[in-house]
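What the coordinates show
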Amino acid sequence: MPIVKRSKKWSWRSSPNTPSFTRASRRAYMASALLASWAGTYLDLYFVGKGLYTFPKRPFPSVFSIDIFFTVIVLPLGTVLFLAFMERLGRIGRAAAILSLSALISAFESKAEEVGWFIHTPEWSHWYSLVGYGVFLAMIWKCYRRFQRMD
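Everything in this summary refers to the structure shown in the same document. Model, not experiment: these values are computed from the prediction. (Residues numbered from 1 in each chain as written. Predicted model: local features only at pLDDT ≥ 70, side-chain atom pairs only at ≥ 80, totals over all residues. Heavy atoms only, no water.)

1. Looking at the packing of aromatic side chains
- Going through the model one piece at a time under the given rule, you end up with 13 aromatic pairs.
- Measuring from ring centre to ring centre gives 5.6 Å for tyrosine 53 and tryptophan 124, while their planes differ by 85°; the resulting arrangement is edge-to-face. In this pair, tyrosine 53 sits in strand 1 (residues 53-54) while tryptophan 124 sits in the loop between strand 2 (119-120) and helix 4 (126-150), placing the two residues 71 residues apart along the sequence. No difference in accessibility class separates tyrosine 53 from tryptophan 124, as the two residues are buried.
- The interplanar angle of 85° and the centroid separation of 5.4 Å between the aromatic rings of tryptophan 124 and tyrosine 128 together place this pair among those described as edge-to-face. (Phe/Tyr/Trp six-rings, centres within 6.5 Å; stacked < 30°, edge-to-face > 60°. Helix = DSSP H or I, 4+ residues; strand = E, 2+ residues; numbered from the N terminus. Buried < 20%, exposed > 50% of the residue type's maximum accessible area, 1.4 Å probe, protein only.)

Below you can see the structure in the form of structure tokens.
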């Protein structure tokens, strides 16, 4: 004879802030990662085509004018980590995270330029990167939330 009955509302989730990885959630992650990869690829192609920056050290330089490793591997994986992190934050925390990550990525871009992974033209300002990454991250977050509501 059981002393304690399990509640019908019982679940494995430890708290409401812990994300569950349902089929809909996995689809939203995948769709967002693909969107980030696609958008990053086309943004790089646009800016390289305009001559605002180049990628001197990149895989398959005779085939691709952009760093395909970054857009196919780094952006999708970074997007999934970004989204998992963002799910755990409140509205103000998410805004602060987007601003902080934009600044961090912009600073990393400056360091990557020193190493030789980027070459920007003199017309380029790193403020463009800061604002651009902020808009990009906010767009990916909004699309992720929309993908979650689709199911």
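So that's the structure; there's more coming.
2. Examining the side chain of serine 102
- Summarising the element assignment, serine 102 is placed in helix 3 (residues 91-115).
- By relative accessible area, serine 102 is classed as buried at 2%.
- With residues up to four places along the chain from it excluded, the contact list for serine 102 reads Leu130, Tyr133, Gly134 and Leu137. (Contact = heavy atoms within 4.5 Å.)

3. Points about the packing of helix 2 (residues 68-87) against helix 3
- Two elements in contact, helix 2 and helix 3, have axes whose closest approach is 10 Å; the angle formed by their N-to-C orientations is 150°. Comparing their axes, helix 3 and helix 2 come out roughly antiparallel. In this structure, the crossing between helix 2 and helix 3 has a hand that is right-handed. Residues Phe82, Phe85 and Met86 of helix 2 lie in contact with helix 3, whose contacting residues are Arg94, Ala97, Ile98 and Leu101.
- Residues of the contact of helix 2 with helix 3, tallied by class, amount to 6 nonpolar, no polar and 1 charged. (Axes fitted to C-alpha atoms, helices over the stretch in contact; angles between N-to-C directions. Parallel < 35°, antiparallel > 145°, perpendicular 65-115°, else oblique. Left-handed = near helix turned anticlockwise from the far one by under 90°. Nonpolar A, V, L, I, M, F, W, Y, C, P; charged D, E, K, R; others polar.)

4. A short note on helix 2
- Taking 1.5 Å as the rise per residue, helix 2 with 20 residues should run 28 Å; its terminal C-alpha atoms sit 28 Å apart, in good agreement.
- What helix 2 keeps buried is the set Ile68, Thr71, Leu75, Pro76, Thr79, Phe82, Leu83, Ala84, Met86 and Glu87.
- For helix 2, the N-terminal capping position is held by aspartate 67, with its side-chain oxygen 3.3 Å away from the main-chain nitrogen of phenylalanine 69. (Expected span 1.5 Å × (residues − 1). Polar contact = N/O pair within 3.5 Å; in protein donor to acceptor, adjacent residues only side chain to side chain.)

5. Quick word on the nonpolar core
- Counting residues in each nonpolar core, the largest one holds 16 residues, and the members touching the most others are Phe82, Leu83, Met86, Phe136, Trp141 and Tyr144.
- Setting aside residues up to four positions removed in sequence, leucine 83 forms contacts with Tyr29, Ser32, Ile140, Trp141 and Tyr144.
- Grouped together as the second largest cluster of nonpolar side chains are 8 residues, Tyr53, Phe55, Ile68 and Ala112 included. (Core = buried A, V, L, I, M, F, W, Y, C linked by side-chain atoms within 4.5 Å.)

6. Focus: the pattern of salt bridges
- One pass over the structure, following the stated rule, counts 1 salt bridge.
- Two residues, lysine 111 and glutamate 114, come together in a salt bridge whose shortest N-O distance is 3.9 Å. Taken together, the positions of lysine 111 and glutamate 114, both in helix 3 and 3 residues apart, correspond to about one turn of that helix. (Salt bridge = Lys/Arg side-chain N within 4 Å of Asp/Glu carboxyl O.)

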